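Chain by chain, the residues:
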Amino acid sequence: MSSIVSTVVNRIEIQAQQKLKELLRACFVNLDEAARAPERRVAWCTSVGPCEILTALGFDVYFPENHGALLGARKLSQHLIPRAVGVGYCAESCSYMTSDIGATLAHASPLREVYGIDGPPKPDVLVYSTNQCREVQDWMSWYGRRDGAPVLGVCPPAHLGEVTRAHIEFVRGQLRHLIEELERRFGLRMDDRRLEEVVDRSSRASALWRQVLDTAQARPSPLTFFDGVIHMAPVILMRGSTAAIDYYVTLLAELEARVRDGVAAVPDERFRVYWEGMPIWPKLRELSTKFFDLATVVAASTYCNSWAFEEYDGGDPLLWMAKTSTEIFINRDEDTKEAFLEEMFRRFSIDGVIFHNARTCPNNTNSRFGMPQRIRERLGLPALVIDGDLSDARFFSAAQTLTNIEAFVEQLEEQAR
Amino acid sequence: MATTPDIVRICRELIDLLPDEALERARESRPDLRGFGVFPVYAPVEIIHAAGLMPVGLFGAGNRIELSHAEARFQSFICSIAKSTLELFLGGHVQLFEGAVFSSICDVARNLASLVKRNAPGQFIDYLHMPQNMYSAQSSAYTRAELNRFRTNLAAHLGRPVADQAIAESLLLYNRVRRLLRAIYDHRRQNPCSIAAADLFAVAMAGTRMMPEDYLPLLANFFDQVRSTRVRARDGVRVVIEGAFCEQPPIGLLETLEAGGCLVQDDDMMIGWRLFTQDIDGDGDPLAALAEAYLRESVYTSVRHDARRPRTEGLAQRVRDAGAEAVLFTPAKFCEPALLDYVLFRSKLDKDGVPHLKVEFEEKMWTYESVRTEVETFAESMLFE
Ligand code: SF4
Ligand code: SF4
């Protein structure tokens, strides 16, 4: 096929990656220690949940979705999900949840092999926000019952168009209530100054993360979506720490240097596409290689942008938390989502869009109800829908998908003529 | 006075009507009446009624229409109610309607609402962001504000106010409807042989196809008949149906469940239309009263999270109250909230030693033979244990 470029061209690795590995190891070893030390407490939190409150109250925070992704990336999910199905879960419910629960039932965790720790740290409390989906509530509750730990949550109004003052006040009230519950149950006292500091650090990490992603506006782009899903770990797992800020300062400098020097993530970059939806963790390498070979960069994604919040400029930290967590893309209505996407396509000079139709995550899938067709018609952008899943590789057909991607890039070529 | 079979026949006819047809039927006595669609699970029908409109339940189309337009826009693994509800709009079966209201029950409903909105120009399509947290200090104010937003926007669309006074009057009317439904359900709990599950379903659903003023006497009549008719007791496993809170099972399925050896004593069908456990006080601010009822007086459902009243307890209580021996889970195929809750319910029932069976359904179900065999096996295993 004419569009295949020789694979002899090598990728130039992002140097910061080494530092990232060390950071992640330290993070997990610390969590493991916290779980073992009687005087320390571990809180589980959803990825866009109110972790700043937990950090400010002295909890060490663990994010179970990361474990779901790891199980997917290590191709373990499909072996573990049947264990969860055995206790009643539907095989088409969130595969982060079912593979994580399956892993617990099977006493199997890649954390052992990767970081040398026994597995996820035992929770003292589990905290969720349904801003992303209600599945997290079910997921956390399973552990709450198993470990006898309290499960607390924030439930913002869902699927919003315009986010109004009333919505934010409602969520702010719930955050206040969450603090009171945590104080009461654990005999703690929130230090408001500390919360402000944590929120400030969280927001700074997030702002830097956005700048990192924005370097992909350059042509050629210095990073791809496939780099993004690796390097976004600190902005989720270490939000509110100085380590995350330091990491992104380093990464940003490296990427800016790449832009200056014209170092491309995908050499001879011809096309720039957008990834809408969840990553396909078990197939990242195949996909990344395919796009690389096609000299096509996946320059931006909704997923990586999910943690790029607006900046905190002092004032009430709960208001910032309420606003940013309610305004996230996944919690919005279709019009708002389409407007956001349109803006992203413009900012990143996108030539085509890939929609990942993740079988077990309808919440983060936007191809089920005609959005790709609308984007094609309204914006004249080619759009491809890929069937797959975030963690369960059984829903992904490599041969078919890779062929479809090739055909899609051919279509981009046609269009460019 | 109509007999029970007469009433059931009328109701079965009504629930088979597509939205515009149901409205045409109501227009025979109210020529200028316009409709307003209510997608499950819950919507404040009082506000719609107070606006002079007929609230009509949008429960898809059963298997009455071909999905010629909607199928192309939806993935195959989506519940049938979403597909056929969109088809109702695309196929022009909701034209006599001022609009429709959806609420934040699941991701499918969100998408459906926005698709309907795009495809129903000139109609007022709203989406209620009902609270998912019932106990925050702001829950009451938030819920009232959300209901008020709906009222205000509906009024703006219609170009006439929807006054508190009118809502309060509608509230009283719907109180009476819900009170009667509660009484009938109570009666069935005590005497499961007195009403076939399929018949009660038809009667309850008919209320989503009529003006409450017309429905009330029919319901009262039905209750009188049922109460005064002596019935022969039948053998069967006394069950509670759970999981049909949004998409409604085909009536043939309900008949099969009972023919297969079960006696349905309670169910969660049409739950949003009979959500409240008691009358709502209509004396003060009616929207505040509705908000309070939603937060405090609602029956549990899989789309409403109540931290202090877990749904597992709700189901256990329902089983106890009905004196049921088993639970039949009837989730609509691909219904995410129902399938997620199935895990919880199942483990609770296992713990309590309550047998259960799962029977999924979809609109395009033509034969019930395999379901019948499953149910028979289940029932026999219990009866002859
Ligand atoms: S957003 Fe999707 S992948 Fe994430 S927890 Fe919810 S259902 Fe699972
Ligand atoms: S049937 Fe279930 S999935 Fe479908 S719209 Fe209703 S609640 Fe949502």
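Just above sits the structure.
1. Description of unusual backbone geometry
Link 1 in the chain: A cis geometry characterises the amide bond from R219 of chain A onward to P220 of chain A, with omega recorded as 0°.
Link 2 in the chain: On the secondary structure map, P220 of chain A appears in the loop between α9 (192-214) and α10 (225-231).
Link 3 in the chain: That bond from P40 of chain B to V41 of chain B is cis: its omega, 15°, falls within 30 degrees of zero.
Link 4 in the chain: Looking at the secondary structure, you find V41 of chain B in the loop between β1 (34-38) and α3 (45-50).
Link 5 in the chain: Positive phi, normally seen in glycine, also occurs at A295 of chain A, with a value near 55°.
Link 6 in the chain: Assignment of secondary structure puts A295 of chain A in the loop between α13 (284-293) and β6 (296-301).
Link 7 in the chain: Positive phi, close to 45°, is recorded for S349 of chain A, a residue that is not glycine.
Link 8 in the chain: Take S349 of chain A: it is sitting in the loop between α16 (334-347) and β7 (352-358).

2. Description of the site of ligand 1
Link 1 in the chain: Within the structure, ligand 1 sits among C94, Y96, Q132, C133, E135, V136, M278, I330, C361, N363 and L390 of chain A.
Link 2 in the chain: Classifying every residue of the shell around ligand 1 by side-chain character gives eight nonpolar, two polar and one charged.

3. Regarding the nonpolar core
Link 1 in the chain: Of all hydrophobic cores here, the largest spans 149 residues; its most connected members are F39, F102, F150, L154, Y215 and L315 of chain B.
Link 2 in the chain: Filtering out sequence-adjacent residues up to four positions away, F39 of chain B remains in contact with L58, I81, T85, V101, F102, I105, A109, L112 and C246 of chain B.
Link 3 in the chain: In terms of nonpolar packing, the next biggest core, distinct from the first, is built from 139 residues, Y128, M140, Y143 and F226 of chain A among them.

4. Regarding the interface of chain A and chain B
Link 1 in the chain: Across the contact, 45 residues belong to chain A and 37 residues belong to chain B.
Link 2 in the chain: Between chain A and chain B lies a buried interface of about 3500 Å² when both sides are counted; carbon and sulfur atoms form 55% of it.
Link 3 in the chain: Looking at the side of chain A facing chain B, the largest losses of area belong to H159, F170 and F369 of chain A, adding up to 22% of the total buried there.
Link 4 in the chain: In this structure, R118 of chain B and D335 of chain A form a salt bridge, with 3.0 Å as the shortest nitrogen-oxygen distance.
Link 5 in the chain: Remark: the boundary between chain A and chain B carries twelve residue pairs in polar contact (both at pLDDT 80 or more).
Link 6 in the chain: Of all the elements in the fold, those that place two or more residues in the side of chain A that touches chain B are α7 (135-147), α8 (165-186), α16 and α17 (371-379) of chain A.
Link 7 in the chain: It is α8 of chain A that contributes the most residues to the side of chain A that touches chain B, six residues altogether.
Link 8 in the chain: Split by residue class, the side of chain A that touches chain B holds 15 nonpolar, 15 polar and 15 charged.

5. What about the sheet that holds strand β2 (residues 60-62) of chain A?
Residues and elements named next belong to chain A.
Link 1 in the chain: Spatially, the four strands line up as an open sheet ordered β2-β1-β3-β4, and their pairing is parallel. One side of each edge strand has no neighbouring strand; the edge strands of this open sheet are β2 and β4 (151-154). Between one strand axis and the next, the sheet turns through 25° on average, direction left out of account.
Link 2 in the chain: Here strand β1 (residues 42-45) pairs with strand β3 (residues 125-129) via three bridges, running parallel. Directly across from A43, in β3, lies its bridge partner V125.
Link 3 in the chain: Strands in contact with helix α1 (residues 16-36) are β1 and β2; relative to β2, the strand with the most contacts, it is inclined by about 115°.

6. Things to note about the packing of helix α1 (residues 4-15) of chain B against helix α10 (residues 212-228) of chain B
Residues and elements named next belong to chain B.
Link 1 in the chain: It is at 9 Å that the axes of α1 and α10 come closest, and there the two elements cross at 140°. Considered as vectors, α1 and α10 are oriented oblique to each other. Crossing hand, α1 versus α10: left-handed. In this structure, α1 contributes T4, I7, V8, I10 and C11 to the contact, and α10 contributes L218, N221, F222, Q225 and V226.
Link 2 in the chain: Its residues assigned to classes, the contact of α1 with α10 comprises seven nonpolar, three polar and no charged.

Cut-off values and rules
- Counting from 1, residues in each chain are numbered in the order their sequence is written.
- Written order decides the labels, with chains lettered from A and ligands numbered from 1.
- At least 70 in pLDDT is required for a residue's local features to be given in this predicted model, at least 80 for side-chain atom pairs to be given and counted, and no such filter applies to totals for whole chains, interfaces and linings, which use all residues.
- The side-chain figures draw on all heavy atoms in the structure; neither hydrogens nor water molecules are used.
- Runs of E in the DSSP output that reach at least two residues are strands. Runs of H or I that reach at least four are helices, and both are numbered from the N terminus.
- Here, proximity means that at least one heavy atom of the residue falls within 4 Å of the molecule or strand.
- Following the grouping adopted for this structure description, the nonpolar residues are Ala, Val, Leu, Ile, Met, Phe, Trp, Tyr, Cys and Pro, the charged ones are Asp, Glu, Lys and Arg, and the polar ones are all others, Gly among them.
- What is meant by a nonpolar core is a set of buried Ala, Val, Leu, Ile, Met, Phe, Trp, Tyr and Cys residues, joined one to another through side-chain atoms within 4.5 Å.
- Under the scheme applied here, a residue whose accessible area is under 20% of the maximum for its type counts as buried, over 50% as exposed, and between as partly exposed, the area being computed with a 1.4 Å probe on protein chains only.
- Should any heavy atoms of two residues lie within 4.5 Å, those residues are counted as being in contact.
- Buried area: the sum, over both parts, of the accessible surface (1.4 Å probe) that disappears when the two are put together.
- A carboxyl oxygen of Asp or Glu within 4 Å of a side-chain nitrogen of Lys or Arg is what we treat as a salt bridge.
- The term polar contact refers here to a pair of N or O atoms within 3.5 Å; inside protein, the definition further demands a hydrogen-donor-capable atom paired with an acceptor-capable atom, and it admits residues adjacent in sequence only when both atoms are side-chain atoms.
- By the convention used here, strands pair only if DSSP detects at least 2 bridges between them.
- Helix axes are fitted to C-alpha atoms over the stretch in contact, other axes to C-alpha atoms as well, and angles between N-to-C directions run from 0 to 180 degrees.
- Orientation labels follow simple angle bins: below 35 degrees gives roughly parallel, above 145 gives roughly antiparallel, 65 to 115 gives roughly perpendicular, and whatever is left gives oblique.
- The hand of a helix crossing depends on one turn: near helix anticlockwise from the far one by less than a right angle means left-handed, and clockwise means right-handed.

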